Amino acid sequence: MKKFKLILCFMTVILVLAGCGGTARKTLDPEVAAALEETTGNLITQFLAALDEQQSDEISDQGAEYLEYIISNYFGIKADGNGMVNAISSWNSAREDLGDFVSITGMNAAYDNTDKNIIVTLDIVGTRRTAQVEAIYKDDLYKTLTSLSTNIDWTFGEKMEKAGLNTLLGMGTVFIVLIIISLIISLFKFIPKIQAAFSKGGVEDTKAAAVDNAIAQIVEKEEQSDDLELVAVITAAIAAASYGGSSDDFVVRSIVRRSGSTWNR
C-alpha cells in the first residue's frame, strides 16, 4: 500500500512539473479584440455586402494596390492586397447560396495556435442561408489583415450529398477514361489488316513492273536477233558479189534503208 501511494505521488509531481514547463498561451487584449471585431464587421456591411458582382469584379480588376489603398483610407487598417482580392472572390462565390446579407449575429476574436495571428470569426445571416466569415490579422504593429474567407454553413445531409456527388463524378470520370482506353486498344487488331491492304497493293505494282520489264527484254532480244540475221545475210551477199565469197576484208557496221533503191523493188 505504501509503494502504491509513493508511485501515485511521484506521478502527480511529474504531471505538475510538466504543466509548469509548458508555454503559456497569449491572451488577446479585450480592447484590441473589440476593435478588430468592429473593423471586420464594417468590412462586411459597408464593403463586401454593399457591392454587387459587377462592382466587385471592377474593383478586383484594379489590382491589389488599389484595394490596399481603399481599405486603408476608408477603414483605417493595413491590408494585404492579394488577400483582399481573394476575399472578394470568396464572398462572390458564397453570394448565390447565402442570398442577400441580413445581419451579423455573433463575433469572436482570439489568437490562433501559433499565437502569431489573430482570427476574427463572424456569424452572418443571409436570406437563404447562414455563413461564417473568418478574417486573419497578423499580430504586428499595424494588425495587418492578411485574408478573409466566407464559408457557408451546410447541414450534415448537404455535406454528405456534395461528398457523394464528388465521389460519383470522380469515379465516373475514371470509368469513362478506362472505357476510351479499352476502345482504343480494341482497335489495334485492325492495324495489321490495314498494313496488309496497303502492302498488297505495293506487291501487285511490283509484280506488274517486273512483268513489263521482262516483256521489254524479250522484245529487245528478238529485235536484236532479227538485226543480226539481216546483217549476216547482207554481209554474205556483199562478199559473194565483190570479194568472191569471203567476208574477212570488211565489216558491216550499220544498215540504213534507202527509198527508191533496187532493194525495195
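Residues numbered from 1 in each chain as written. Predicted model: local features only at pLDDT ≥ 70, side-chain atom pairs only at ≥ 80, totals over all residues. Heavy atoms only, no water.

Asker: When you look at the sheet that holds strand E3 (residues 130-138) in this model, what are you seeing that I'm missing?
Answerer: Strands belonging to one sheet form pairs held by backbone hydrogen bonds; the direction of such a pair is parallel or antiparallel. Spatially, the four strands line up as an open sheet ordered E1-E2-E3-E4, and their pairing is antiparallel. Because the sheet does not close on itself, it has two edges, and the strands there are strand E1 (101-111) and strand E4 (145-152). Ignoring strand direction, the axes of neighbouring strands in this sheet form an average angle of 20°. Of the pairings in the sheet, the one linking E1 to strand E2 (residues 117-126) comprises nine bridges and is antiparallel in character. The partner of Ser103 across the bridge, within E2, is Val125. In this fold helix H2 (residues 30-48) packs onto E1, E2, E3 and E4, with an angle of close to 150° to the strand it touches most, E1. Running at roughly 10° to E4, helix H5 (residues 81-98) makes contact with E1, E2, E3 and E4 of the sheet. (Pairing = 2+ DSSP bridges. Helix = DSSP H or I, 4+ residues; strand = E, 2+ residues; numbered from the N terminus. Axes fitted to C-alpha atoms, helices over the stretch in contact; angles between N-to-C directions. Contact = heavy atoms within 4.5 Å.)

Asker: What is the right way to read the packing of aromatic side chains from this model?
Answerer: To describe a pair of aromatic rings, one takes the distance between the centres and the angle between the planes. In the structure shown here, the tally under the stated rule is one aromatic pair. On the numbers, 6.3 Å between centres and 75° between planes, the contact of Phe47 with Phe75 is edge-to-face. Taken together, the positions of Phe47 in helix H2 and Phe75 in helix H4 (residues 64-75) put the pair 28 residues apart, joining distant regions of the chain. Just as Phe47 is buried, Phe75 falls in that class too. Its guanidinium or amino end placed over the ring of Trp154, Lys162 lies 4.4 Å from that ring's centre, counting from NZ or CZ. (Phe/Tyr/Trp six-rings, centres within 6.5 Å; stacked < 30°, edge-to-face > 60°. Buried < 20%, exposed > 50% of the residue type's maximum accessible area, 1.4 Å probe, protein only. Lys NZ or Arg CZ within 6 Å of the ring centre and 35° of its normal.)

Asker: Any chance you could explain the packing of helix H3 (residues 53-61) against H5 here in plain terms?
Answerer: The angle between the axes and the distance between the axes are what describe a pair of packed helices. Put simply, H3 and H5 touch, their axes get as near as 10 Å, and they point 160° apart. Looking at the two axes, H3 sits roughly antiparallel to H5. Once H3 is placed against H5, the crossing between them reads as left-handed. Taking contact as the criterion, the partners of Glu53, Ser56, Asp57, Ile59 and Ser60 in H3 are, on H5, Ile88, Asn92 and Arg95. (Parallel < 35°, antiparallel > 145°, perpendicular 65-115°, else oblique. Left-handed = near helix turned anticlockwise from the far one by under 90°.)

Asker: Explanation requested: the pattern of salt bridges in the structure shown.
Answerer: It is possible for side chains bearing opposite charge to pair when their charged atoms get close. For the structure on display, the rule yields three salt bridges. Asp139 is the salt-bridge partner of Lys26, the closest N and O atoms lying 2.9 Å from each other. Taken together, the residues Lys26 in the loop between helix H1 (2-21) and H2 and Asp139 in the loop between E3 and E4 connect sequence positions 113 residues apart. Salt bridges sharing partners connect three or more residues here, namely Lys26, Asp139 and Lys143. (Salt bridge = Lys/Arg side-chain N within 4 Å of Asp/Glu carboxyl O.)

Asker: Is there a simple way to think about the environment of Trp91 in this case?
Answerer: Residue placement: Trp91 occurs in helix H5. Sequence-distant contacts of Trp91, defined by excluding residues within four places in its chain, comprise Ile44, Leu48, Ala49, Leu98, Phe101, Ile124, Val133 and Thr150.

Asker: Mind showing me how you'd approach the packing of H4 against H5 here?
Answerer: At a minimum axis distance of 7 Å, the contact between H4 and H5 shows a crossing angle of 90°. In terms of their interaxial angle, H4 and H5 are classed as roughly perpendicular. Side by side, H4 and H5 meet where Ala64, Leu67, Glu68 and Ile71 of the first sit next to Gly81, Asn82, Met84, Val85 and Ile88 of the second. Residue classes in the contact of H4 with H5 are distributed as six nonpolar, two polar and one charged. (Nonpolar A, V, L, I, M, F, W, Y, C, P; charged D, E, K, R; others polar.)

Asker: In this structure, what is going on with the pairing of E3? I would like to understand it.
Answerer: Looking along a regular strand, one sees the side chains alternate between the two faces of the sheet. Along E3, the buried face is formed by Ala131, Val133, Ala135 and Tyr137; none of Thr130, Gln132, Glu134, Ile136 and Lys138, which line the opposite face, is buried. As paired elements, E2 and E3 share nine bridges and run antiparallel to each other. Looking at the pairing, Val120 lines up with Ala135 of E3. In textbook terms, the turn of a hairpin is the stretch between consecutive antiparallel strands, and for E2 and E3 this stretch comprises three residues.

Asker: Mind showing me how you'd approach the side chain of Ser90 here?
Answerer: Within the fold, Ser90 resides in helix H5. Residue Ser90 is classed as buried on the basis of its relative accessible area of 18%. Polar contacts involving the side chain of Ser90 include one to the main-chain amide nitrogen of Thr150, which spans 2.9 Å. Each residue touching Ser90, except ones within four places of it in the same chain, is listed here: Leu148, Ser149 and Thr150. (Polar contact = N/O pair within 3.5 Å; in protein donor to acceptor, adjacent residues only side chain to side chain.)

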